[in-house]
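Close look at the chain arrangement
The chain contents come next:
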Amino acid sequence: MGKQRMIKRCSFGKKLPLRTAVMLIAALWVLSAAGAMADTKLMAVSDLHYLEPSLYRGSDYFLRALRRGDGKATQYGEELMAALYRTVLSERPDALIVTGDLAFNGEQLSHRALAEWFASVEEAGIPVWVIPGNHDINVSEPLGYGDGMVYRVDGTPPEVFAAVYADHLEMGEAGFSYAAKVSDELWVAMTDVAIYQDMAVTPGLFSSRHAAWLEGVLQEARKEGVRVVTATHHGLLAHTELYRDNFVMYGSESMASLCRAYGVKMNLSGHLHIQHIARDDGLADAALGAFCMWPHRYAVVTLREDGTLVYDAKALYGLFLPEGFPDRSREWFAGITADKAKAGLSGIGDEIEMMAEYAARFNLAYFSGTYRKDDPSWTDDPAYALWMSRGNNPFSKYMALVMSEETGDNLRLVIGE
Ligand SMILES: [Fe+2]
């Protein structure tokens, strides 16, 4: 693969002259202070849903369509990718992985622009590895947006996807599944469970071919004494009863049992767009919030020298973004939620405004991974009672379901050796 970071080790078997020993201790102190010992640091992003700007620039029609959507802030794609570049350079991980839904909806032009961005990250010395999601390959209607209209653009068949991202993936027995050998200590089993056809529902599939490939990787890793984290686009574990069938891949039990058999304890996924960590029987599936949505999440996964594996979900650093950006992006997502909440309500104006504001606050907290069931302010809020008095409203049902589910720490996960 040619990208593996080489870690040199020192032998302390012999007695050293005093001067050499002092110099060695000083050098080790400098290395340790810089955090440059044998930790492996991985950075992950998911669901960029990037749309190449020439495909929508100046189109109010696109903005109106996006405003009716699920909260994506695709119109800020350029600012977001520029800030992500600065964030990657500032974090300086050993590798950046992207767990699918790279393009907005399969446009070849978007993939080509992203490949250039990935090349610039690699030029800065940071390898980039990708797997596709359900919005990347053979999407039936990749579109550009003009003045009050849309037009068809070139899509991305698998062979084009392979060529565009040739430096950032491998093709094998199970689609674009391969082991990203990030360091001598940590590999990421990049597991491509996308189904390359457009369907009304968007499940992933972990087939017997995937199982054979993954077991081979896990056996090799065991022999080499290397830890493995798996990465998929779709979820490995159930996170919520909401749309469960669309988000957990088919064959997830087979993948989960392989992970448990070989001591894999963490899967990195996306697709859900909600920052959420599911835990079940010694295995965790960390679904990363969509990068294209406020608060623009990414994750840092560190395998420490002592064998501890630490996952931290972070938000794009405000200083790398244009002034006022985080608020602008938050308002966009909150406005979309509030509009949807209001659409299903009738009654007194002030009450509706209060309920819509609450719905937006609740939805943003849930999506960003900060909603906690044990925070009484959610049920103490007068707007909560108003929502619950309208039990048949879709938003009431959604909130009741979310509030009925357990919440753990959705931003941080620490796994011992
Ligand atoms: Fe997806």
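Residues numbered from 1 in each chain as written. Predicted model: local features only at pLDDT ≥ 70, side-chain atom pairs only at ≥ 80, totals over all residues.

**Notes on the overall build of the protein**
Looking only at helices and strands, the protein has 13 helices and 14 strands in total. Relative to a compact globule of 417 residues, whose C-alpha radius of gyration would be 22 Å, the protein shows 23 Å and is just as compact. Structurally, the protein occupies a C-alpha span of about 85 × 50 × 45 Å along its principal axes. Taking all 417 residues of the protein together, 43% fall into the buried category. In the protein, the share of contacts with a sequence separation of at least 24, taken over all contacts with a separation of at least 6, comes to 74%. (Helix = DSSP H or I, 4+ residues; strand = E, 2+ residues; numbered from the N terminus. Rg over C-alpha atoms; globule rule 2.2 N^0.38 Å. Buried ≥ 20, exposed ≤ 12 C-beta atoms within 10 Å, placed from the backbone. Contact = placed C-beta atoms within 7 Å.)

**Focus: the pairing of strand S6 (residues 178-181)**
Burial along S6 is two-sided: the face carrying Tyr178 and Ala180 and the face carrying Ala179 and Lys181 are both buried. Between S6 and strand S7 (residues 186-190), which follow one another and run antiparallel, lie 4 residues. (Pairing = 2+ DSSP bridges.)

**Observations regarding the sheet that holds strand S3 (residues 128-131)**
By way of backbone hydrogen bonds, the strands of a sheet pair with one another, either parallel or antiparallel. Strand order in the open sheet formed by 6 strands is S3-S2-S1-S12-S13-S14, with mixed pairing between adjacent strands. Two strands lie at the open edges of the sheet, namely S3 and strand S14 (412-415), each paired on one side alone. On average, each strand axis in the sheet is inclined to that of its neighbour by 20°, with strand direction left out of account. For strand S1 (residues 40-45) and strand S12 (residues 297-303), the ladder comprises 5 bridges, and the chain directions are antiparallel. In the sheet register, Leu42 faces S12, and the bridge partner there is Val301. Across the sheet, helix H3 (residues 77-91) touches S1, strand S2 (95-99) and S12, and the angle it forms with S1 is around 170°. (Axes fitted to C-alpha atoms, helices over the stretch in contact; angles between N-to-C directions.)

**A closer look at the sheet that holds S6**
Judged by pairing direction, the sheet is mixed, and its 6 strands sit side by side in the order S6-S7-S8-S9-S11-S10 without closing on themselves. Whereas interior strands pair on both sides, the edge strands pair on one side only; in this sheet they are S6 and strand S10 (276-280). Adjacent strand axes in the sheet meet at a mean angle of 25°, parallel and antiparallel pairs treated alike. Of the strand pairs in this sheet, strand S9 (residues 266-269) and strand S11 (residues 283-287) are connected by 4 bridges, and their pairing is parallel. Its bridge partner lying in S11, Ser269 is registered against Ala287.

**Thoughts on the environment of Ala256**
Position of Ala256 relative to the elements: it lies in helix H8 (residues 252-261). Given 21 C-beta atoms within 10 Å, Ala256 falls into the buried group. Residues contacting Ala256, with those up to four places away along its chain left out, are Leu236, Leu237 and Leu283.

**Quick notes on the pairing of strand S13 (residues 309-315)**
Bridging between S12 and S13 involves 7 bridges; their strand directions are antiparallel. Considered in S13, the bridge of Arg297 is made with Ala315. In this structure, S13 lies alongside S14, joined through 4 bridges in antiparallel fashion. Looking at the pairing, Leu309 lines up with Ile415 of S14.

**Comments concerning unusual backbone geometry**
The linkage connecting Trp294 with the following residue, Pro295, adopts the cis geometry, with an omega of 5°. Positionally, Pro295 belongs in the loop between S11 and S12. A positive phi angle, near 55°, is found at Asp47, a position not held by glycine. Locating Asp47 in the fold gives a position in the loop between S1 and helix H2 (60-67). Judged by the 26 C-beta atoms lying within 10 Å of it, Asp47 is buried.

**Regarding the domain arrangement of the protein**
A common measure of how large an interface is: the accessible area buried when the components associate. What the domain assignment reports for the protein is domain 1 (40-320 + 410-415) and domain 2 (325-404). The distance between the C-alpha centroids of domain 1 and domain 2 comes to 28 Å. Listed by partner, the interface residues are 20 residues for domain 1 and 13 residues for domain 2. By residue class, the composition of the side of domain 1 that touches domain 2 is 9 nonpolar, 8 polar and 3 charged. (Domains from an automatic or database assignment. Nonpolar A, V, L, I, M, F, W, Y, C, P; charged D, E, K, R; others polar.)

**Things to note about the nonpolar core**
Counting 113 residues, the largest nonpolar core has Ala44, Ile97, Ala180, Val188 and Ala286 as its most contacted members. The biggest single contributor to this core is helix H10 (residues 349-368), with 8 residues. Each residue touching Ala286, except ones within four places of it in the same chain, is listed here: Met266, Leu268, Ser269, Ile277, Ala299, Tyr311 and Leu413. (Core = buried A, V, L, I, M, F, W, Y, C linked by C-beta atoms within 7 Å.)

**Re helix H6 (residues 208-224)**
Each turn of an α-helix holds 3.6 residues, which means side chains three or four residues apart point in the same direction. Given a rise of 1.5 Å per residue, 17 residues ought to cover 24 Å, and the 24 Å separating the end C-alpha atoms of H6 matches this to within 8%. Those residues of H6 that are buried are in contact with S6, S7, strand S8 (227-231) and H8. Just downstream of H6, Gly225 is the residue with a positive phi angle, here 70°. (Expected span 1.5 Å × (residues − 1).)

**Focus: the packing of helix H9 (residues 325-343) against H10**
For the pair H9 and H10, interaxial distance at closest approach is 8 Å and the crossing angle is 130°. As far as their axial angle goes, H10 and H9 are oblique. In this structure, H9 meets H10 at a crossing whose hand is right-handed. In this structure, H9 contributes Arg330, Phe333, Ala334, Thr337, Ala338, Ala341 and Lys342 to the contact, and H10 contributes Ile352, Met355, Ala356, Glu357, Ala359, Ala360, Asn363 and Leu364. Each residue belonging to the contact of H9 with H10 can be placed in one class, and the counts come to 10 nonpolar, 2 polar and 3 charged. (Parallel < 35°, antiparallel > 145°, perpendicular 65-115°, else oblique. Left-handed = near helix turned anticlockwise from the far one by under 90°.)

**Quick look at the packing of H6 against H8**
Two numbers describe how H6 lies on H8: the axes approach to 11 Å, and their chain directions differ by 10°. In this view, H6 runs roughly parallel relative to H8, as classed from their interaxial angle. For the pair H6 and H8, contact is made by Ala211, Leu214, Glu215 and Leu218 and by Ser254, Met255 and Leu258, respectively. Among the residues making up the contact of H6 with H8, the classes are represented as 5 nonpolar, 1 polar and 1 charged.

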